[in-house]
Amino acid sequence: MTRLAPNPPADPETERTTGDSPADSRTPAAWWHARWVVPLALAVGYVLNVLFRLSLVRKLDYPTVSPDEPMYLVMARMLAGRTTTEIPSDQVIPAGYSLLISPALRITDDPVFAYHLMLGINALLSCLVLPLAYWALRRLDVSRAVSYVAACAVVLLPPVVFYSQFGMADTPLPGLVLLWLIGLHGLLSEGGRRRRTWFGLMGAFAAGYCLLTHDRGGVIIALTGLVLLVALVLNWAPRIASALGLAVLAVMFFAKQLMTAWLMSRIDGAKPSEVGNAVFQTLENTRLLRRTIMRTVGHIWYFLTSTWGLGALTLVVCVLVVFSSRFSRADRVVAFVMVALLGGIALAAAAGLPNDHRIDTITYARYLSPLVAVYVVVAVAVLYRVRSRKKIVVLGAATVAVTGAFTAVLLHMAQHQWAKSYFILWGLPDATFLSSLWADDWKHFHAGRTTVVALIVFVVLLALRLLGGSRRIALATGAFAVALAVFAGWATVAITHHVTRPNHDWRYADGTGFLKTAGLRPGDQLVMDRAFRWETRVTLGYEVLDGRVWTRALIVNEEPPAEADVAVLALFDDAAPPADSWRRVPAGWHVDRHVPEYDFVIWRRD
């Protein structure tokens, strides 16, 4: 992790604990330094945060983010040993997250209960950010008490919580990114060979599992491979540690390839993800250069505002650390990696996303969300380690300037796009919260207002730190962390109430609502017409958990699979009889039921 004091702290393996200077040790009560207190506090905090997350998702029963959630859930179904079925978009994406949630699909045949179990696993994975953030802050020489309060704030941040409310790979990534950077810093720091080797293995494994989890892991594994190769050649770390780290990267890469090949062999018509090809094709197309730059700026802008300016503060500090010889090699390398990762993921996402005329494609929240936790961790450490009020004010001014610059460039490049693009609330939860425009029709995107509110939050939080001056650093930073935790908790609850739950309720007819109205029974083998509602079709790959589904062009005389015994087709003319939904119906099929409120007809084989 990026250390903020040029002078290195005491070795964590020595008797004095890093971050607890004599001045700090007088601040908290003496009992806080007992060996059992921190583990107990972390355990209690972890359990409370798990319960908090479960309370937010207690009424969520089915996947709503298509096609991503059903894709991960279908792969989890395969990895749980269940029968095969079709996968949305016919693409096999990295399945590391699906492997983590697959136990939920082994236990029950009820898709609702299985989805609840999956959300429980999500809560357990997401809350690992708490102990990892605490560990990172301790490595950044922050005192125990401040590290704990700040870690409790970080685990409540909306981008950390929001994506854990869905069956998506974004859930474990914030913790994996923290673990990865802790490992890299430990590898490049001073210490014994065995200790540095373990850090290197941990960092390499975390990077590899990021690749196994999502295509964004490609940027992470590339940066990790570069650092390990340079460390090996220049002897920045024990060569055995660097070599073993590279070996772990290779093993994880081949594990991803094998898992993808296995899933493709189990799913008819499946092919590997085409995201990587789309990225390189776009980057090579000079006609799309302006669009790519605009989206890159937009994604970074969203990241800076969704972290309420704290991400911009860390970005400024990391750039300074990279070019300052006063800091250790480990600090400078990790600072470089953090900046490169921010730019690399933003660029890859900008190039890889389709031209779907959505506002959130230009200013997307999701792809940079795994960096939110680590950037806020470093921001807290900055405010703790920097003693001078003048320096804090200068860093604050630089933060405002950087955020303002990204806003100005975004408005200049993308202002004309807002009127031609449409708004999806799920894709812009933080911006919508900051603008407080939940009921607005969003005919105009409020980027300027979002920036202003985010910077107001930043200035208020910074003022809490400045009140402590250079004498009450721990107290002031602790007050800053408490305020951050309160605001993060409020924002998370508000976004859940205004985004997650309405999105879920609106999709009821595509989830368990369809199973009830269609009268599907255990073991039904369902074929869906290609003209039937897309959102329902992609959801049913998971919802029909104890059977399977196919998609066929039934209305143009494509034959249903021989194993299929139920079919669903849309009825486009409300005045037509249900039998008209399938005019060229093969022999042996009859209308089972007509559901006029959703305009579909269920057919069954005799």
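Going along each chain's sequence as written, the residues are numbered from 1 onward. Where local features are concerned, this predicted model is filtered to residues with pLDDT of at least 70; where side-chain atom pairs are given and counted, the filter is 80 or more; whole-chain, interface and lining totals use all residues. Note: side-chain values were computed over all heavy atoms of the structure, leaving out hydrogens and water.

**As for the state of the cysteines**
Then, number 1: A pair of cysteine sulfur atoms is labelled a disulfide when the two atoms are within 2.5 Å. One pass over the full model with this rule turns up zero disulfides.
Then, number 2: Free of any disulfide, Cys127 has its nearest neighbouring cysteine sulfur in Cys152, separated by 10 Å.

**Some points on unusual backbone geometry**
Then, number 1: Here the bond from Ser66 into Pro67 is cis, since omega is 0°, no more than 30 degrees from zero.
Then, number 2: Along the chain, Pro67 turns up in the loop between helix 2 (37–56) and helix 3 (68–79).
Then, number 3: The phi dihedral of Ser89 is positive, around 65°, even though this residue is not glycine.
Then, number 4: A run of H or I in DSSP becomes a helix once it reaches four residues, and a run of E becomes a strand once it reaches two; helices and strands are each numbered from the N terminus. Relative to the helices and strands, Ser89 is located in the loop between helix 3 and strand 1 (91–92).
Then, number 5: The phi torsion at Asn557 lies on the positive side, around 75°, for a residue other than glycine.
Then, number 6: For Asn557, the position within the fold is in the loop between strand 4 (548–552) and strand 5 (566–570).
Then, number 7: On the accessibility criterion, Asn557 (41% relative accessible area) is partly exposed. Burial classes: relative accessible area under 20% of the type maximum marks a residue as buried, over 50% as exposed, and values in between as partly exposed (1.4 Å probe, protein chains only).

**Considering the sheet that holds strand 5**
Then, number 1: Taken together, five strands build an open sheet; the order of strands is 4-3-5-7-6 and the sheet is mixed. Only two strands of the sheet have a single partner each, and these edge strands are strand 4 and strand 6 (589–595). With strand direction ignored, the average angle separating the axes of adjacent strands in the sheet is 25°.
Then, number 2: Sheet analysis places strand 5 next to strand 7 (residues 600–605), joined by five bridges and oriented antiparallel. From the neighbouring strand, Val566 faces strand 7, where its bridge partner is Arg604.
Then, number 3: By the convention used here, residues are in contact when the closest approach between their heavy atoms is within 4.5 Å. Simply put, an axis is a line fit to the C-alpha atoms, just over the touching stretch for a helix, and the angle between two N-to-C directions goes from 0 to 180 degrees. Along the sheet face, helix 24 (residues 534–543) touches strand 3 (525–529) and strand 4 and points at about 165° away from the line of strand 3. Criterion used throughout: strands pair if DSSP finds at least two bridges between them.

**Overview of the environment of Val129**
Then, number 1: Structurally, the position occupied by Val129 is in helix 6 (residues 129–139).
Then, number 2: A relative accessible area of 1% means that Val129 is categorised as buried.
Then, number 3: Note: C-alpha distance between Val129 and Pro596 (467 residues apart in sequence) is 47 Å.

**Some thoughts on helix 5 (residues 111–126)**
Then, number 1: The span you would expect from a helix comes to 1.5 Å times its residue count less one. Taking 1.5 Å of rise per residue, 16 residues should cover 22 Å, and helix 5 covers 22 Å from first to last C-alpha, within 8% of that figure.
Then, number 2: Counting buried residues in helix 5 gives 12 out of 16 residues, a clear majority hidden from the surface.
Then, number 3: Listed as buried for helix 5 are Pro111, Val112, Ala114, Tyr115, Met118, Leu119, Gly120, Ile121, Asn122, Ala123, Leu125 and Ser126.
Then, number 4: Polar contacts, as used here, are pairs of N or O atoms within 3.5 Å; protein pairs need one atom able to donate a hydrogen and one able to accept it. Residues neighboring in sequence count only if both atoms are side-chain atoms. For helix 5, the capping residue at the N-terminal end is Asp110, with a side-chain oxygen 3.1 Å from the backbone nitrogen of Val112.

**Considerations on the packing of helix 7 (residues 144–154) against helix 18 (residues 372–385)**
Then, number 1: For the pair helix 7 and helix 18, the least separation of the axes is 10 Å and the interaxial angle reads 145°. Note on packing geometry: the crossing formed by helix 7 with helix 18 is right-handed. Across the interface between the two elements, Val146, Ala150 and Val154 from helix 7 touch Ala373, Val376, Val377, Val380 and Tyr384 from helix 18.
Then, number 2: Polarity classes work like this: nonpolar for Ala, Val, Leu, Ile, Met, Phe, Trp, Tyr, Cys and Pro, charged for Asp, Glu, Lys and Arg, and polar for all others, with Gly in that last group. When its residues are assigned to classes, the contact of helix 7 with helix 18 shows eight nonpolar, no polar and no charged. A crossing counts as left-handed when the near helix is turned anticlockwise from the far one by less than a right angle, and as right-handed when that turn is clockwise.

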